[in-house]
Structure formats: C-alpha cells, structure tokens
Amino acid sequence: MRFAVDTGGTFTDLLVEDAAGMLHMFKAPTTPADPIRGVIDALQVAATGLGRSLQSLLADGETFIYGTTHAINAIITGNTARTAFLTTEGHPDVLVLREGGRAEPFNYTVPYPEPYIPRSLTWEVPGRLRPDGSEFAPFDEAACRRVIREMKTREVQAVAVCLLWSIVNPAHELRVASLLEDALPGVPYTLSHQLNPTLREYRRASSACIDASLKPMMAAYMAGLTERLRGAGFAGRVLVVTSQGGVMDAADIAQAPIHLINSGPSMAPVSGRRFAALDEGSDTAVITDTGGTTYDVSLVRRGRIPWSRETWIGQPFRGHMTGFPSVDVRSIGAGGGSIAWIDDGGMLHVGPNSAGAVPGPVCYGQGGSRPTVTDAALVLGYVDPAFFLGGSMQLDTAAAEAAIARDVAGPLGVTLDEAAAAVITVATENMVQAILDITVNQGIDPRDAVLVGGGGAAGLNSVQIARRLETPRLVIPEVGAALSAAGALM
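Residues numbered from 1 in each chain as written. Predicted model: local features only at pLDDT ≥ 70, side-chain atom pairs only at ≥ 80, totals over all residues. Heavy atoms only, no water.

The next subject is the packing of aromatic side chains. If you walk through the whole model with that rule in mind, you get eight aromatic pairs. Ring centres of Phe 3 and Phe 234 lie 6.2 Å apart, and the angle between their planes is 75 degrees; on these two criteria the pair is classed as edge-to-face. Remark: Phe 234 occurs in the loop between α8 (201–232) and β11 (237–241) and Phe 3 occurs in strand β1 (residues 2–7); sequence separation between them is 231 residues. Each member of the aromatic cluster is reached from another via a ring pair, and the members are Phe 3, Phe 64, Tyr 66, Tyr 221 and Phe 234. (Phe/Tyr/Trp six-rings, centres within 6.5 Å; stacked < 30°, edge-to-face > 60°. Helix = DSSP H or I, 4+ residues; strand = E, 2+ residues; numbered from the N terminus.)

The structure is reproduced here in structure tokens:
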C-alpha cells in the first residue's frame, strides 16, 4: 500500500493505492499552524472511509510520498532562519551585484532588489584560491575564528559558505566547516561546493544561502513528519517530492531543503501528461491545478515535462536565483479561496489575496467574512452545500449570499446572481490569461492542446476556461481533485 499527500493552502490531498492497485482519494482541511496535523487528519479520514483504524491502515503502508509548499511559504513570508553568509575577502557584495540583467531595462522607478542575506550578516574570510585550485593567499584560521565568534554574538541560526573556486579546490570551505563545528556546534551550515558545484559565483552563493536558511526549519519539519507517522503506525519509507519532479528520502531532503522549493506543484504536469495521453492520445496538454489559494499552470509539449534551467523565487532579476533547474509551473493568485473585492474606481477584482484554510470562504462558517470564488459558485448552484468534501462539511449558502450582496452586488448595483457570475467571470479571465502566457507566447495554439483540469476547485469554471480558449477537449480525471498527489504516485 502506498500513500501520496499534497499539502495545499486550503486542503491536504491524500491518495491511497491499495494492494490491488486501486486508488482512493481523500481530503482534509490544511492546518497552517501545524501542517503535519493536517496530514494525520487526512490519513484518519482515509482510515474511517476504508473502515479501518489509522494504525492498521498505516501498518500496511510501504511508501509515503509527500509534497509540500512549506519551504517556499517560509521564504515568501520571511520566516526562514537568521542566516550568516561567509565569502572570500574582498567579495562581500556577491549577493548584491548578482549577474546583471533587468526585467524592465528602462524602468528606473523599480527599486534594486535586496540581497537574500543582508550585508549586516555577511562576513569575509581571508584566503583565496586561483581558478586552477592553487593557493593565491593562505587561509587565515585566526581571522576565521574571530568571524565565527562575531556570528555567535549575533545569534545566527544557520551559516552559508561560498568561497572563490571552491568547486576546483574545496580545502578552504572544508576548513571553515571544521571551525564552525567546533565553535557553533548544532548550527547547520551549507558549503557551496557540496550543494551546487557550478560556475558563476552569484548562483552558487544564492543557492547556498537559500539552502542554509531553510535547514533549521525543514530539518525539524521532516523529523516531525517522520516521527509522527512512525508514532501513528507507519513503518515504511518516507519520500518527499522535489522541485525537479523526483523524490528524495525525508532524511536526505532535510540536508538539502532547497530542493523542496517547488515541491508542491511539480507533480501536476506528471499526471496531466499521463491523462492527456491515455484519454485523448495527445502529447500536447495544458495542465491546470486549481487550489484554494493559487492557480498553477504548465504546458507539456511533445510529451515532455516543462523544465526551467534557471529558477527564481519571485520575478526574474528582481527575486532570488535558486541555482537549480525545476519543473516549470506558473502560479497566479487565483483559486477557490480568492477574495472578490471592489477598488476605489468601482472595478471588480478577484485575488490575489486568499481566505486560505483559516478562516476560509464565508460559506465554511469558520470566521471568514469576505466573499470568495467558492462563495460565488455556491450562490450560482455550482456546488452542492450538502455534499461538499464528500458530505463531511456543510456549507452556509445564506452567509455566502449575504457577503456577496454586501461586498459585490451592492457596490456594483447589480443583482445577487449577476454579482456572483461576475466573480466567476473575472476569476476565469485571470486564469485564461495565465494559460495564454505559456501557450500563445511560446507559439502554441491552445486550441490544439488538451486542457487537463485538476485541483479541488477545477469543477467550478474549467468548462468556461475551455470555451474561452476555444479548446475543444477538456479532461477532468477522477483523481483530478488530487492531481499533484496522483503525479507523486506515478
């Protein structure tokens, strides 16, 4: 028996593959304060649905495959560890100068991006190597010890080390590691030559800094996931989905958490490609994954999973380069939980802000007060209030109607149904534009592709999207509500 879990912003998706190869799909609300609890809750829902105890269900498990957005969320929200950056003397501005390049070369109103690690937490280490690996200046151990003592007083929680030409001769970086272990025991560190032995200083330094900043949190997270699964009765192998569309053991990913950045969305193209080929015999497909918070879009061409050689956190040149390739998935702030709002000019917008799992849409009855796409779909009758989440959650139609009437219909001067339809229309157009960006802009006519609709909110407007794109073929798989989890099993 195998389990595949994808923790989203609103729901945690679970697919169970039994001994006969049959798939069983379950969902449970995501718990942002403790995402692992949401995983255990989803497993408990599965156990109940299959008429078994949680312990006996997990005892039969051989593999647990996990996809999560925990790492990227930590970076975006600034909840990473307080990280120090050690670089070669004379090169403290590696993260500031970057590699050049501007998204808008003539727009001088755009502020220069801040380095991933501030200069106040950057230290220089005396000693330098030549491109052939020979020593140009000897490594100064005494100076390095002083630097590490300064770090200790600044209470750093992780250290990133990137010295010139360490990819040719790692001796200096290895010596720094030895000194760090002596003076800062227990503080995790990342050596650039071990993590990302590539040319170009910025991308090597950036990857080391991002990785080190995630280590304390993700090591604890992976350890907690494994321990709690073991405590619940699972004795099999725990694998984690990577940004590159593969998997790694949980213990290994904790030592290189940078590979987790695009863990969540990377598996949707895997399953989308399979369904497009099986159901429609097509090697060209637009794969969409509509969650509660984001709308993820990817394009499979000639049967190949989309791949990005240079991955950025944020916009290219304005964000931070990870230094690693990843599955190319574009995300916009549009999903079932996207909030509908009216601007000062009287224009209707949907997203990018989301009600998320807490408090969630108004109709969830968990404290949400602002209307969302899900509320609009409920008002229009697209969603059965008595059978949401398989009947485990009852939706409050009256509360959704009141919120849309107050925040959308009233300000626009239209009827309730017109307001709800307008919310769906605007959300649909946002999603269509995201698809056009990866199809028409790359010379692909979306009318020649199969549209694969996935995600828990795919049923709300996938047909409208297909009609708007004039795409004649739309596939919504039986496991579409857990598309990424299905890809993890594949």
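Now that the structure has been shown, we can carry on.
Let's shift gears to the pairing of strand β2 (residues 11–17). Burial runs high along β2: six of the seven residues are buried. As paired elements, β1 and β2 share six bridges and run antiparallel to each other. Within β2, the position partnered with Asp 6 by the bridge is Asp 13. Linking two consecutive strands that pair antiparallel, namely β1 and β2, is a turn of three residues. Here β2 folds back onto strand β3 (residues 23–29), and the loop between the two strands holds five residues, one of which, Gly 21, carries a positive phi near 85 degrees. (Buried < 20%, exposed > 50% of the residue type's maximum accessible area, 1.4 Å probe, protein only. Pairing = 2+ DSSP bridges.)

Below, the discussion takes up the side chain of Thr 372. Here Thr 372 shows up in the loop between β21 (348–354) and α11 (373–379). The class for Thr 372 is buried, based on a relative accessible area of 1%. Beyond its immediate chain neighbours, meaning those up to four positions away, Thr 372 contacts Gly 336, Gly 337, Ser 338, Ile 339, Ala 340, Ala 355, Pro 361 and Val 423. (Contact = heavy atoms within 4.5 Å.)

Attention now goes to the pattern of salt bridges. Under the counting rule described, the total for this entry stands at 21 salt bridges. The closest approach of N and O atoms between Arg 200 and Glu 99, which form a salt bridge, is 3.7 Å. Separated by 101 residues along the polypeptide, Arg 200 in the loop between α7 (192–195) and α8 and Glu 99 in the loop between α4 (94–97) and β6 (122–125) bring together distant segments of the chain. In this structure Arg 200 comes out as exposed when scored by relative accessible area, which is 53%. The residue Asp 249 makes a salt bridge to Arg 237 at a minimum N-O spacing of 2.8 Å. Of this pair, Asp 249 sits in strand β12 (residues 247–249) while Arg 237 sits in strand β11, and the two are 12 residues apart along the sequence. By relative accessible area, Arg 237 is classed as partly exposed at 47%. Each of the salt bridges in this network shares a partner with another, and the network as a whole consists of Glu 99, Arg 200, Arg 203 and Glu 310. (Salt bridge = Lys/Arg side-chain N within 4 Å of Asp/Glu carboxyl O.)

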